[in-house]
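What follows is the residue order along each chain.
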Amino acid sequence: MKELLQNLAMSLVDGAASLWPRSLPAESALRNCKIISHRGEHDNVRVNENTLKAFSHARSAGVWGIECDIRWTQDNVPVICHDADTARVFGRKLVVAATPFDELRQALPELPSLAELIDAFAGKAHLMLEIKTFDPDRLDEQRAILESYLQPLQPGTDYHFLALDPELFALAAFAPASALLPVAETNVASLSAVSLARGYCGLAGHFLLMSSAVQQRHEAAGQRIGVGFPRSRNSLFRELNRGVEWIFSNDAVKLQGILDRNLP
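Residues numbered from 1 in each chain as written. Predicted model: local features only at pLDDT ≥ 70, side-chain atom pairs only at ≥ 80, totals over all residues. Heavy atoms only, no water.

Trainee: Give a detailed account of the environment of S113, specifying residues and quantitative values.
Mentor: Secondary-structure assignment places S113 in the loop between α5 (101–107) and α6 (114–121). Note on S113: relative accessible area 6%, which makes it buried. Residues S113 and Q223, spaced 110 residues apart in sequence, show a C-alpha to C-alpha distance of 31 Å. The residues contacting S113, other than those within four sequence positions of it, are P78, V79, I80, F101 and R105. (Helix = DSSP H or I, 4+ residues; strand = E, 2+ residues; numbered from the N terminus. Buried < 20%, exposed > 50% of the residue type's maximum accessible area, 1.4 Å probe, protein only. Contact = heavy atoms within 4.5 Å.)

This is the structure:
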């Protein structure tokens, strides 16, 4: 229900923003824009979110980055799944943290492991890896596993970690602070302060909440901001005209097409 209400609210906000005409951004802004596909190109009917198929659809359309969610199975395998259980997306309820990976794989072949995601997309798309949880009793072990998977990649260049709660970045202590991006919901002011104090990459949040004042504070500190979830030409151009580079979207292929059509 929460997901449904959030999607409805975002649709209403973007619907209003889409009615406000925006001028064509400068060519440099169009070229610098980096679209990030939120859970891949999905509708959860024909293509499920956070699956290799969803990410492949985004990448084949030229989308720069893919955002996904990391959870841990009962036997300590990192997998790509947003919710604590699989009911909403797959129609079959398995609690990820209570299920061994082999059992998940047998029941839900579409649900990928982090290793499979890295093998398929590392070096081809920028990976925005959102940490959803970790087991405090197995933190050291889980951190070591995560580090081993990402060891061939360059933090900040090939991937960033995201989290709604910055304390979850304990799982990614091997990565520099500049590769850690907190994501605000309505707590923009407090997370902005934390990010600036700890020297994180910057801050991400809904475009309506990421004000120019927030943007300027982070840019003055050499940090970046990312915004979600524009869906229309006008809302995309609004962000590009104010210098935003990272655009998180559930409609990444559509936005990439708008970029491509407006480039000389």
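Trainee: Talk me through the environment of R242; I want residue IDs and the actual numbers.
Mentor: Mapped onto the elements, R242 comes out in the loop between α10 (233–241) and β9 (246–249). Separated by 22 residues in the primary sequence, R242 and A220 place their C-alpha atoms 15 Å from one another. Sequence-distant contacts of R242, that is, excluding residues within four places in its chain, are made with F207, M210, S211, S212, Q215 and V227. There is a polar contact of 2.8 Å between the side chain of R242 and the backbone oxygen of M210. Only 2.7 Å separates the side chain of R242 from the side chain of E239, close enough to count as a polar contact. (Polar contact = N/O pair within 3.5 Å; in protein donor to acceptor, adjacent residues only side chain to side chain.)

Trainee: Could you give an account of the pattern of salt bridges, naming the residues involved and the relevant values?
Mentor: Per the stated rule, a full pass over the model turns up 15 salt bridges. Taking the shortest distance from any N to any O, the salt bridge between E239 and R238 comes out at 2.4 Å. The partner of R242 in a salt bridge is E239, and the shortest N-O contact between them spans 2.7 Å. Like R242, the residue E239 is buried in the burial classification. (Salt bridge = Lys/Arg side-chain N within 4 Å of Asp/Glu carboxyl O.)

Trainee: Talk me through the packing of helix α3 (residues 52–60) against α6; I want residue IDs and the actual numbers.
Mentor: In helix packing, the relevant descriptors are the interaxial angle and the interaxial distance, both defined with respect to the helix axes. For the pair α3 and α6, interaxial distance at closest approach is 11 Å and the crossing angle is 20 degrees. The angle between the axes of α3 and α6 places the two elements in the roughly parallel class. Once α3 is placed against α6, the crossing between them reads as right-handed. Contacts between α3 and α6 involve L52, F55, S56 and R59 on the former and, on the latter, E116, L117 and F121. By residue class, the composition of the contact of α3 with α6 is four nonpolar, one polar and two charged. (Axes fitted to C-alpha atoms, helices over the stretch in contact; angles between N-to-C directions. Parallel < 35°, antiparallel > 145°, perpendicular 65-115°, else oblique. Left-handed = near helix turned anticlockwise from the far one by under 90°. Nonpolar A, V, L, I, M, F, W, Y, C, P; charged D, E, K, R; others polar.)

Trainee: Explain helix α9 (residues 212–220) to me, using residue names and the numbers behind them.
Mentor: Listed as buried for α9 are V214, Q215 and H218. End-on view of α9: buried residues confined to an arc of 100 degrees, all on one side of the axis. Opposite its buried face, α9 presents the exposed residues Q216 and A220, each directed more than 90 degrees away. On its buried face, α9 sits against α8 (188–198), β7 (202–206) and β8 (224–228). Positive backbone phi, approximately 75 degrees, marks G222, located one or two places after α9. (Arc of directions from axis to C-beta.)

Trainee: Could you give an account of empty space enclosed by the protein, naming the residues involved and the relevant values?
Mentor: In the structure shown here, the tally under the stated rule is one cavity of 30 Å³ or more. As a volume, the largest cavity reaches approximately 60 Å³. The wall of the largest cavity is formed by E49, N50, I80, C81, H82, D83, D85, T86, V89, F90, L111 and P112. Residues that form the lining of the largest cavity fall into these classes: six nonpolar, three polar and three charged. (1 Å grid on protein atoms, 1.4 Å probe; cavity = no way out; pocket = protein on both sides within 12 Å on 5 of 7 lines; lining within 4 Å. Points joined across faces, edges and corners; volume = space filled by probe spheres on them.)

Trainee: An account of the packing of α10 against helix α11 (residues 252–262) is requested, with residue identities and associated values reported.
Mentor: Their axes nearest at 10 Å, the elements α10 and α11 cross at an angle of 70 degrees. Between α10 and α11, the angle is such that the two are roughly perpendicular. Two packed elements cross with a definite hand, and for α10 against α11 that hand is right-handed. Judged by residue contacts, R233, L236, F237 and L240 of α10 engage L255, I258, L259 and N262 from α11.

Trainee: Can you lay out the pairing of β9 for me, pointing to particular residues and giving the numbers?
Mentor: By the alternation rule, side chains of β9 split into W246 and F248 and I247 and S249, which are all buried. Alignment of strand β1 (residues 34–38) against β9, held across four bridges, turns out to be parallel. The residue of β9 that forms the bridge with I35 is I247. Relative to β9, β8 runs parallel, the two sharing two bridges. (Pairing = 2+ DSSP bridges.)

Trainee: Give a description of the side chain of H38 that names residues and reports values.
Mentor: Checked against the element boundaries, H38 lands in strand β1. For H38, the side chain forms a polar contact with the side chain of N250, separated by 2.7 Å. Beyond its immediate sequence surroundings of up to four residues, H38 is in contact with E67, F229, S249 and N250.

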